[in-house]
Amino acid sequence: MCVAGLMLGLSLAASAREQVAQASADIRRTSFGVPHIRASDERGLGFGIGYAYAQDNLCLLANEVVTVNGQRARFFGPEQATLEERNNLASDVFFTWLNTPEAVAAFWNAQSPAIRQRIEGYVAGYNRYLKEQGAPAPCQAGWVRPLVVEDLVKLTRRLLVEGGVGQFAEALVGAAPPQATASVQRRARAFELAAAQQQRFSLDRGSNAVAVGRDRSFNGRGMLLANPHFPWVGGMRFYQMHLTIPGQLDVMGAALPGLPVINIGFNQHVAWTHTVDTSKHFTLYRLTLDPKDSTRYLLDGQSIPLAKTSVTVQVKQADGSLKAVSRTVYSSSFGPVVQWPGKLDWDSQHAFSLRDANLGNDRVLQQWYAMNRAPSLKALQTSVHTLQGIPWVNTVAADDQGQSLYMNLSVVPNVSAAKLAQCSDPRAGLQFIILDGARSACAWDIDPHAAQPGIFAAAQLPQLQRTDYVQHANDSAWMANPKAPLTGFSPVISQDHIGLGPRARFAVQRLQSLEQRPITVADLHNMVMDNEVYVAGQIMPDLLEYCATQLGSDAAALQPLCTSLKHWDRHANLDSGLGLVHFINLAEHLQQTPDAWRVAFDPAEPLTTPRGLAIDRPDVAKALREAMLASAAEVARLGLSANSRWGDIQVSGQTPIHGGPQALGIYNAMQTVPRADGKREVVSGSSYLQIVSFDDQGPNALGVLAFSQSSNPASNYAKDQTQAFSEKKLRPLPFTEAQIKADPQYREQVIKE
């Protein structure tokens, strides 16, 4: 019997190996190189995803793997920086702390068999391509290696903390008790950059979304506009793909690097997208320190030592050798201690801990996996209610039955308004929630109905289902539809009766302007692509009045500026004139001027206030004059002329890009950085654009990936969609077998493990 049992075990092992060896996938590419990946099982599908992604973005993913493994200083040196401008050494210490073997193993063990198979297949597919083709020229170096499953777990965990402790990496790495101040690296520039990154988080990872229900759509079925604003480079760069397991899965959309699921997309019955929410995903705790020892804190009157974790990374030296460098990370029962000079100081009395709710979120991949397969809007909603795996975004969806849905159902610390009143310092405001770390009663509440201890249950979070529309543009949940305001939530979840961002005001007013007729696909397309500068409608009359009546002794110097404003079309299109450049400069300057609005925000009129420019006030008039003179000087310095057009200035490489700053209410938001040649390079903004409608046969989707499929400059798919985006051309997204095979660029590749 023992021999028979042994032979049976060997037979099963051989069978398992044979199954693995037979994993295969079809990669069918259509126009712009979009891969339609088809396999008979999860591992095969993952195999196809990993292989296709490596074909297009191997260097990008390899670079991100170095980052999340805390090895940048090892390969590139400690003084270099990541794409996000984070110092390599600080980045390495942070990710080594975040992605401990124990944390990575716990996350992996929490995954379903299907997710594990998908990830294992992805790793095998990427490695197969690397073995076959080698690394592309830009990354033929020792830091490029085959993947292991832990790499994808680490990438996923990085995504989870983007809305929390990931924004405090420098503060975590640099935290040290006051007597050790001399050894603390006071990197003022590092913290300036970190502060800028926090400010830019919702800009670089913002988004617009509109879901139209049957009462307003042209054919009585649902429609969805997905317009996420995400980085054009690095680890948050979307990738377009179509995933199919016949009879089980058929979903198309976009995914983030290293994720083997669709994050934003559509299937036969449902389309969905995400927008960065305003909910809090972490809280700070102000620790009261033991007067005798600043490495101990008082909790309910008891003195407790801060836990100390030594984090060691390998650092490349000038001679190429490696040196081990260690940092100590301190933690209380609430989380790691963070120290931000001038904001969160660690002195002899207080220190600050940060608790990130998403560190306990091991459900995120399963969440998107379930959404990808959802056969109805109800099923999608139920999956989010049950799993609560959405990390730091809202969900907006529509279906073929004509329903539209908004859900602010992300992972949010369970801190009620009552607890906030009892435990927070009102002087700190609501930008960061700071709770009292001296009382265990101020810990997050536990709701047995929540998917994770310490977060709000889904039933306590904002959501709205409508048959007219819902929209979102990175404000709170309040005005998802003005006819049904969402109010009364803990400020940790959503605030109401506060000013709306200009993109949200634009969206609601545009949708209201269409009330006399059905909303069409072209209407949703135009919301993004006509590039209306919403704020121009609010203040241009006052600017032009100032030009006509108040230039005074500066008239000669400022008349060209005023002429350009008068002739500007109030849009951010490629052919929009120099007036747009001046308007951007003036608006940026005026945003720093207190009470510049002629009509202040009124909670009773959230869609029409604030508005106007108070040019009759001396301080505002003075600020406007200074802004005009500065803009005229800047335009002259850059060598721009009255004939300059926006497409000559805002570019991606050499491709002109329309759109502009989201602060101006431009729905097609673009974030740029100045170049040495005077142009502005797009670094984030409209990314994967998707407009989905439904008919009796299923989805009809138009889309474009603004920065194109491949990050490899040598690829045929590195700039093709960027040019299409520049020309405002959205193409039908082939979804059915007939559509895929009819594509003029159709080609098929069968890969086997």
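Note that the coordinates shown come from a computational prediction; the quantities given were computed from them, not determined experimentally.

A word on the overall build of the protein chain
Logical step 1: Looking only at helices and strands, one finds 20 helices and 30 strands in the protein chain.
Logical step 2: Compactness check: the protein chain gives a C-alpha radius of gyration of 27 Å against a globular reference of 27 Å for 753 residues, within 12% of the reference.
Logical step 3: With the C-alpha coordinates of the protein chain rotated into their principal frame, the extents come out at 100 × 75 × 55 Å.
Logical step 4: Here the protein chain holds 753 residues, and 58% of them are scored as buried.
Logical step 5: Within the protein chain, contacts between residues separated by at least 24 positions form 69% of all contacts whose residues are at least 6 apart in sequence.
Logical step 6: In the structure as shown, the protein chain presents an accessible area of about 28,900 Å², 53% of it carried by carbon and sulfur atoms.
Logical step 7: Each charge class in the protein chain was averaged separately, 66 positive and 67 negative side chains, and the resulting centres sit 3 Å apart.

Looking at the packing of helix α13 (residues 502-513) against helix α15 (residues 534-549)
Logical step 1: Contact geometry for α13 and α15: axes closest at 8 Å, N-to-C directions at 95 degrees. Here α13 is positioned roughly perpendicular relative to α15, judged by the angle of their axes. Here Pro-502, Arg-505, Phe-506 and Gln-509 of α13 come into contact with α15, specifically with Tyr-534, Val-535 and Gln-538.
Logical step 2: Class assignment of the residues belonging to the contact of α13 with α15 gives a composition of four nonpolar, two polar and one charged.

Here's the deal with the packing of aromatic side chains
Logical step 1: Counted under the stated rule, the structure contains 18 aromatic pairs.
Logical step 2: A ring pair is formed by Tyr-51 and Tyr-129, whose centres lie 5.4 Å apart and whose planes are at 90 degrees; its orientation type is edge-to-face. Residue Tyr-51 is found in helix α2 (residues 42-68), and its partner Tyr-129 is found in helix α6 (residues 113-133); the two are separated by 78 residues along the sequence.
Logical step 3: Look at Tyr-129 and you get buried, because its relative accessible area is 14%.
Logical step 4: Taken together, the aromatic side chains of Phe-168, Phe-282, Trp-340 and Phe-432 make up a single cluster linked through ring pairs.
Logical step 5: Lying over the aromatic face of Trp-444, Arg-355 brings its terminal NZ or CZ to 3.8 Å of the ring centre.

Quick notes on the nonpolar core
Logical step 1: One finds Phe-94, Phe-583 and Met-628 to be the most contacted residues of the largest nonpolar core, which totals 232 residues.
Logical step 2: With 15 residues, α2 is the single largest residue contributor to this core.
Logical step 3: Dropping the residues within four chain positions of it, Phe-94 is found in contact with Val-161, Val-165, Gly-166, Ala-169, Leu-172 and Val-173.

Let's talk about the packing of α15 against helix α18 (residues 618-637)
Logical step 1: Where α15 contacts α18, the axes come no closer than 12 Å and their chain directions differ by 85 degrees. One way to sum up the angle between α15 and α18 is to call them roughly perpendicular. Between α15 and α18, the residues in contact are Leu-543, Tyr-546 and Cys-547 and Ala-621, Leu-624, Arg-625 and Met-628, respectively.
Logical step 2: When its residues are assigned to classes, the contact of α15 with α18 shows six nonpolar, no polar and one charged.

Some details on helix α16 (residues 555-567)
Logical step 1: In this model α16 runs 17 Å from its N-terminal to its C-terminal C-alpha over 13 residues, within 8% of the 18 Å that 1.5 Å per residue would give.
Logical step 2: Where α16 is buried, its residues meet α15, α17 (578-590) and α18.

A look at empty space enclosed by the protein
Logical step 1: Counting across every chain of the model gives eight cavities of 30 Å³ or more.
Logical step 2: Each pocket or cavity is described by its volume, and for the second largest cavity that value is around 140 Å³.
Logical step 3: What lines the second largest cavity is a set of 16 residues, among which Phe-230, Leu-256, Trp-368, Trp-392 and Val-393 lie closest to the centre.
Logical step 4: At the level of elements, β4 (223-231) and β8 (270-276) are the ones that each hand at least two residues to the lining of the second largest cavity.
Logical step 5: At three residues, β8 tops the list of elements feeding residues into the lining of the second largest cavity.
Logical step 6: Looking at the lining of the second largest cavity residue by residue, the class counts come to 11 nonpolar, five polar and no charged.

About the thresholds
- Residues numbered from 1 in each chain as written.
- Predicted model: local features only at pLDDT ≥ 70, side-chain atom pairs only at ≥ 80, totals over all residues.
- Heavy atoms only, no water.
- Helix = DSSP H or I, 4+ residues; strand = E, 2+ residues; numbered from the N terminus.
- Rg over C-alpha atoms; globule rule 2.2 N^0.38 Å.
- Buried < 20%, exposed > 50% of the residue type's maximum accessible area, 1.4 Å probe, protein only.
- Contact = heavy atoms within 4.5 Å.
- Areas by Shrake-Rupley, 256 points an atom, 1.4 Å probe, with all protein chains shown as cover.
- Lys, Arg positive; Asp, Glu negative; His and termini not counted.
- Charge placed at Lys NZ, Arg CZ, Asp CG, Glu CD.
- Axes fitted to C-alpha atoms, helices over the stretch in contact; angles between N-to-C directions.
- Parallel < 35°, antiparallel > 145°, perpendicular 65-115°, else oblique.
- Nonpolar A, V, L, I, M, F, W, Y, C, P; charged D, E, K, R; others polar.
- Phe/Tyr/Trp six-rings, centres within 6.5 Å; stacked < 30°, edge-to-face > 60°.
- Lys NZ or Arg CZ within 6 Å of the ring centre and 35° of its normal.
- Core = buried A, V, L, I, M, F, W, Y, C linked by side-chain atoms within 4.5 Å.
- Expected span 1.5 Å × (residues − 1).
- 1 Å grid on protein atoms, 1.4 Å probe; cavity = no way out; pocket = protein on both sides within 12 Å on 5 of 7 lines; lining within 4 Å.
- Points joined across faces, edges and corners; volume = space filled by probe spheres on them.

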